[in-house]
Amino acid sequence: MPTAEEIERRVAVADEARSERRSAAARRVGDLAERHAELAEQLGDVERELGEVLAESGDVIEIDELAVFTDVPVAELTRWLNYAKPSRTKRKKPVGVNHTRTTQAPKPAASHETAQPKPAAAQDIPFARSGTVSTSAVAS
């Protein structure tokens, strides 16, 4: 049976090997992520340039013709062309204007009573969040 010191040594050796593998994996992922970011930036630049060329040459050659001559699918050429076009922004609706149509008849106007208002009943008094009676409701 191993001694306590031998067990600690074995654990340390196992941890060291695992730690080295973890560090190596983390370094590799970091390097690849950095490379990916650089390539993605380069790819974005190339796609933007392709889109600009497609937009500039649109008056002399159609997308369909380019697809035939270059063996690049129409969908890909169209995507690059659209990549170069600035995106349109939606117009905002004016504030306070309701553009929905309703089929209901307008509600009748409130009746104008000339009688004195009735004192509030206990169930009509609003409660505050804490469950206590609102002081403004009690005063009325």
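Below, the structure is looked at part by part. (Residues numbered from 1 in each chain as written. Predicted model: local features only at pLDDT ≥ 70, side-chain atom pairs only at ≥ 80, totals over all residues. Heavy atoms only, no water.)

### Some details on the overall build of the chain
Helix and strand counts for the chain stand at four helices and zero strands. Taking all 140 residues of the chain together, 9% fall into the buried category. Looking at the chain as shown, the accessible area adds up to about 13300 Å², and 55% of this sits on carbon and sulfur atoms. (Helix = DSSP H or I, 4+ residues; strand = E, 2+ residues; numbered from the N terminus. Buried < 20%, exposed > 50% of the residue type's maximum accessible area, 1.4 Å probe, protein only. Areas by Shrake-Rupley, 256 points an atom, 1.4 Å probe, with all protein chains shown as cover.)

### Some thoughts on helix α3 (residues 74–84)
Along α3, the residues that are buried comprise Leu-77, Trp-80 and Leu-81. For α3, the angular spread of the buried residues around the axis is 100°, confining them to a single face. Buried-residue contacts for α3 involve α1 (4–56) and α2 (63–70). (Arc of directions from axis to C-beta. Contact = heavy atoms within 4.5 Å.)

### Focus on the nonpolar core
Leu-54, Ile-63, Leu-66, Ala-67, Leu-77, Trp-80 and Leu-81 form the largest nonpolar core, which has seven residues in total. For this core, the secondary structure elements donating two or more residues are α2 and α3. Dropping the residues within four chain positions of it, Ile-63 is found in contact with Leu-54, Val-74, Leu-77, Thr-78 and Leu-81. (Core = buried A, V, L, I, M, F, W, Y, C linked by side-chain atoms within 4.5 Å.)

### Examining the packing of α1 against α3
At a minimum axis separation of 7 Å, α1 and α3 run at an interaxial angle of 95°. Of the possible angle classes, the one that applies to α1 and α3 is roughly perpendicular. Contacts between α1 and α3 pair Gly-44, Glu-47, Arg-48, Leu-50, Gly-51, Glu-52, Leu-54 and Ala-55 from the former with Leu-77, Arg-79, Trp-80, Leu-81, Tyr-83 and Ala-84 from the latter. Split by residue class, the contact of α1 with α3 holds eight nonpolar, two polar and four charged. (Axes fitted to C-alpha atoms, helices over the stretch in contact; angles between N-to-C directions. Parallel < 35°, antiparallel > 145°, perpendicular 65-115°, else oblique. Nonpolar A, V, L, I, M, F, W, Y, C, P; charged D, E, K, R; others polar.)

### With respect to a negative patch on the surface
Together, Asp-31, Glu-34, Glu-38 and Glu-41 make up a region of like negative charge exposed at the surface. As for its placement among the helices and strands, Glu-41 is situated in helix α1. (Patch = residues over 30% accessible without salt bridge, like charges linked within 9 Å, V, L, I, M, F, W, Y side chains within 5 Å. Salt bridge = Lys/Arg side-chain N within 4 Å of Asp/Glu carboxyl O. Lys, Arg positive; Asp, Glu negative; His and termini not counted. Charge placed at Lys NZ, Arg CZ, Asp CG, Glu CD.)

### Here we look at unusual backbone geometry
Positive phi outside glycine occurs at Asp-71, with the angle close to 60°. You can call Asp-71 exposed: its relative accessible area is 69%.

### Focus: the packing of α2 against α3
Relative to each other, α2 and α3 sit at 125°, their axes nearing to 9 Å. Considering the angle they form, α2 stands oblique to α3. Taken as a pair, α2 and α3 cross one another with a handedness that is right-handed. Residues Ile-63, Asp-64, Leu-66 and Ala-67 of α2 pack against Val-74, Leu-77, Thr-78 and Leu-81 of α3. (Left-handed = near helix turned anticlockwise from the far one by under 90°.)

This is a description of form; function is not addressed.
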